[in-house]
Amino acid sequence: MAISGNFGSLLHLFADAAGRQLTSPLRTGRLARIRALRPVSNPPAILFSPVRLVKGDAVKARDYYSGEWQLAGHTIAVGADGPFDQPDVPDAWQRQLERFGWLADFQAANSDLAAAQSRLLVETYLSRPLFMTRNGRNVGIAAERVLQWLRSAPLLFRGADSRFASVLGRGFVRHGRWLRRAISPAPEPFDRLRGRAALLALALCLSDGKRRLEKAQKNFISELNAQMLADGGHVSRDPSALPAVLDDLLLLRQAYGNLGRAPPQAINEAIERLFVLLRFFDMGDGRLARFNGGGWVDPAWIRALLAEDDVEGQPAGLAAASHYLRLSAGGSVLLADVGGPPPLNFAGHAHAGALSFEFSVDGDPLIVNCGAARDPESTVFGLSRVTAAHSTLTVGDRSSAQFAQAGRLLEWVGRPLIGPIHVTVERKGAYAAAMRHDGYAEPFGVLHERSLVLANDGRSLGGIDRLLPSSQKPSIEIGAPVTLRFHLHPAVNAWQDRDGSITLAVNGGCRWRFVVDGQEAALTDSLYLGRSGGPVATRQIEIAIADAAAPLTIEWGLVYEG
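Residues numbered from 1 in each chain as written. Predicted model: local features only at pLDDT ≥ 70, side-chain atom pairs only at ≥ 80, totals over all residues. Heavy atoms only, no water.

Student: Explain helix 6 (residues 112–127) to me, please; I cannot follow it from the model alone.
Tutor: What sets the pattern is the α-helix's 3.6 residues per turn: residues three or four places apart point alike. Counted at 1.5 Å a residue, the expected span for helix 6 with its 16 residues is 22 Å, and the 22 Å between its end C-alpha atoms agrees. All buried positions along helix 6 are accounted for by Ala 114, Ala 115, Ser 118, Arg 119, Leu 121, Val 122, Glu 123, Tyr 125 and Leu 126. (Helix = DSSP H or I, 4+ residues; strand = E, 2+ residues; numbered from the N terminus. Expected span 1.5 Å × (residues − 1). Buried < 20%, exposed > 50% of the residue type's maximum accessible area, 1.4 Å probe, protein only.)

Student: Sorry if this is basic, but what is going on with the sheet that holds strand 14 (residues 460–469) here?
Tutor: Hydrogen bonding along the main chain pairs the strands of a sheet, whether they run parallel or antiparallel. Strand order in the open sheet formed by 8 strands is 11-12-13-14-23-19-18-17, and the pairing between neighbours is antiparallel. Two strands lie at the open edges of the sheet, namely strand 11 (423–427) and strand 17 (493–496), each paired on one side alone. Each adjacent strand pair in this sheet contributes to an overall mean axis angle of 15°, direction not counted. As defined by bridge partners, strand 12 (residues 432–437) adjoins strand 13 (residues 446–454) across 6 bridges and the pair is classed as antiparallel. The residue of strand 13 that forms the bridge with Arg 436 is Glu 449. (Pairing = 2+ DSSP bridges. Axes fitted to C-alpha atoms, helices over the stretch in contact; angles between N-to-C directions.)

Student: Can you walk me through the packing of aromatic side chains in this structure?
Tutor: Each aromatic ring pair is characterised by the separation of its centres together with the angle its planes make. Considering all chains together, one arrives at 25 aromatic pairs under this definition. Centroid distance Tyr 125 to Trp 149: 6.4 Å. Interplanar angle 65°. Geometry classified as edge-to-face. Of this pair, Tyr 125 sits in helix 6 while Trp 149 sits in helix 7 (residues 139–151); the two residues are 24 residues apart in sequence, bridging distant segments of the chain. Comparing Tyr 125 with Trp 149 shows no difference in burial state: the two are buried. Ring centres of Tyr 440 and Phe 444 lie 6.1 Å apart, and the angle between their planes is 55°; on these two criteria the pair is classed as tilted. When its relative accessible area of 1% is taken as the criterion, Tyr 440 is described as buried. Phe 444 sits in the buried class, given a relative accessible area of 14%. One aromatic cluster is present, formed by Tyr 64, Tyr 65, Trp 69, Phe 84, Phe 100, Trp 102, Phe 106, Tyr 125, Trp 149 and Phe 172 through successive ring pairs. Its end group placed over the ring of Tyr 324, Arg 237 keeps NZ or CZ at 4.5 Å from the ring centre. When the ring centre of Tyr 560 is taken as reference, the NZ or CZ atom of Arg 459 above it lies at 4.1 Å. (Phe/Tyr/Trp six-rings, centres within 6.5 Å; stacked < 30°, edge-to-face > 60°. Lys NZ or Arg CZ within 6 Å of the ring centre and 35° of its normal.)

Student: Could you clarify how one ought to interpret the layout of surface pockets in this entry?
Tutor: Here the idea is plain: a probe the size of a water molecule rolls over the atoms and shows the empty space left. In this model, the second largest pocket occupies a volume close to 310 Å³. Residue lining of the second largest pocket: 18 residues in total, with Arg 38, Val 173, Arg 177, Arg 180 and Arg 212 positioned closest to the centre. Mapped onto the lining of the second largest pocket, the elements with two or more residues apiece are helix 9 (162–182) and helix 11 (210–227). Each residue belonging to the lining of the second largest pocket can be placed in one class, and the counts come to 7 nonpolar, 3 polar and 8 charged. (1 Å grid on protein atoms, 1.4 Å probe; cavity = no way out; pocket = protein on both sides within 12 Å on 5 of 7 lines; lining within 4 Å. Points joined across faces, edges and corners; volume = space filled by probe spheres on them. Nonpolar A, V, L, I, M, F, W, Y, C, P; charged D, E, K, R; others polar.)

Student: I'm lost on the pattern of salt bridges in this one. Help?
Tutor: Counted by the stated rule, this structure contains 20 salt bridges. Taking the shortest distance from any N to any O, the salt bridge between Asp 248 and Arg 194 comes out at 2.8 Å. Placement of Asp 248 in helix 12 (residues 241–258) and of Arg 194 in helix 10 (residues 189–205) is noted, with a sequence separation of 54 residues between them. By relative accessible area, which is 12% here, Arg 194 ends up buried. The partner of Asp 208 in a salt bridge is Arg 212, and the shortest N-O contact between them spans 3.3 Å. An identical accessibility class is assigned to Asp 208 and Arg 212; each is buried. Linked through salt bridges whose partners overlap, the residues forming this network are Glu 144, Arg 194 and Asp 248. (Salt bridge = Lys/Arg side-chain N within 4 Å of Asp/Glu carboxyl O.)

Student: I keep staring at the pairing of strand 6 (residues 357–361) and nothing clicks. Help me out?
Tutor: Both faces of the sheet carry side chains from a regular strand, because those side chains alternate between them. With 5 of its 5 residues buried, strand 6 lies for the most part within the structure. Going residue by residue along strand 6, you find Phe 357, Phe 359 and Val 361 tucked away on one face and Glu 358 and Ser 360 tucked away on the opposite face as well. As defined by bridge partners, strand 5 (residues 332–337) adjoins strand 6 across 5 bridges and the pair is classed as antiparallel. Residue pairing for strand 6: Leu 334 is matched across the bridge by Phe 359. Where strand 6 and strand 7 (residues 364–368) come together, 3 bridges link them in antiparallel fashion. Paired with Phe 359 across the two strands is Ile 367, which belongs to strand 7. As consecutive antiparallel partners, strand 6 and strand 7 are separated by 2 residues, and within that stretch Asp 362 has a phi angle of approximately 50°, a positive value.

In structure tokens form, the structure reads like this:
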């Protein structure tokens, strides 16, 4: 897909990124750190500590005591010098360490030892050169750290002396000073939203926050309105962004309530929409669908967030602004991506997964997408974004939307997903839909059309994938192979039967049969990134056609066998 057709948008993205790069040293560099670290004459007190919605794991706290720190799927042996000076640790582990989310585990232990250890770790971190650590200039991590300290205040102050209150108060002030300067040039838009949330939380929870409250509230609501869609989705189209935003909003709602004030209308409305859309993406028991950068999200977190919903509004079958389709019946849930790429400045983690779907049965995932590698430096980050990593059809081993390639021009913004790609969807009753995209029109002269029908008892799923000529020609030689893929969750056992059908066993023996009409299906190897930690091996159902012509029709089905 030619980059020239998007040159104006890419140039605007480049100019915005370049501006942030040029201003970043001034706003977050040495001078900014000096300004943030200037003396704090009167450290503020914490007036309110928001209740933590998701409880930690006391067993993990005991592991930390013994020197085993398991974060982001990696276990690091930590000695007496503590976790902050560990050499050559994985970046993902270091990021989780500096977020301080593990304080929830100490809080779950709820002991004097846990309080003393937590206090020591926070003091140790604050005694280091602030914002000079490996992730010190990451706005999202700094924001998360501030929010975790606020939530953990009851534990941190258990048995503490007045000296610690001053240490933590100065830490809050210095983080606030730095965030106020660092948010605007932050390269990731989502980090800017979370940074604004942290500043508003500080204004609501600290004794000196009143004078900053109005400005912090205005800035946060402006960023919230810019990044959230009308149906409650995030403009990046990443479902895993939703629990983080909702968690922040619920924290802010608690803080407003402590002051005897109602949150601004924009916050209340966003919370209501997020509750509904979080239910929309729930594939069962808190498992979120994996699209557009959405990786593993702890189901316990989703369940805890939804427990705060008093209204329990049920999702519609189509999230029109977020461009996702939901079909559900009898314990079976199907989620499909029926949209194109998000705006370029939000497309750095987006996936070329148009018309892909995930399918779960009674909360057990059956058909999935490969998931997402959150670390752009990971060897599988780029692979997880291509169309072949999704349960949909590819032509010529090309992705349905392409990734910007402009050499050094875009090294600051990565490889955002670019169009054009036009996607349409039509609901056909409660349990069926037809969808189409033109991502293969320019290179191959074909349109991809997919029809899905879920039985009203959820016990069968029928699909038809078609390639149609994009012009008025009745037929066209595609001149490239066509492959239809269905990635299986690692918990699914699969084997091919003598008649060519494929049996899928889930949930300790519950069986489904995959059949295809007029084509051959095969089981091949795949990878899955939808769990915490690194990729794991799994299988995929693959229907490959070497020399294809359009119109082409592939009819397939999944049938429950008990």
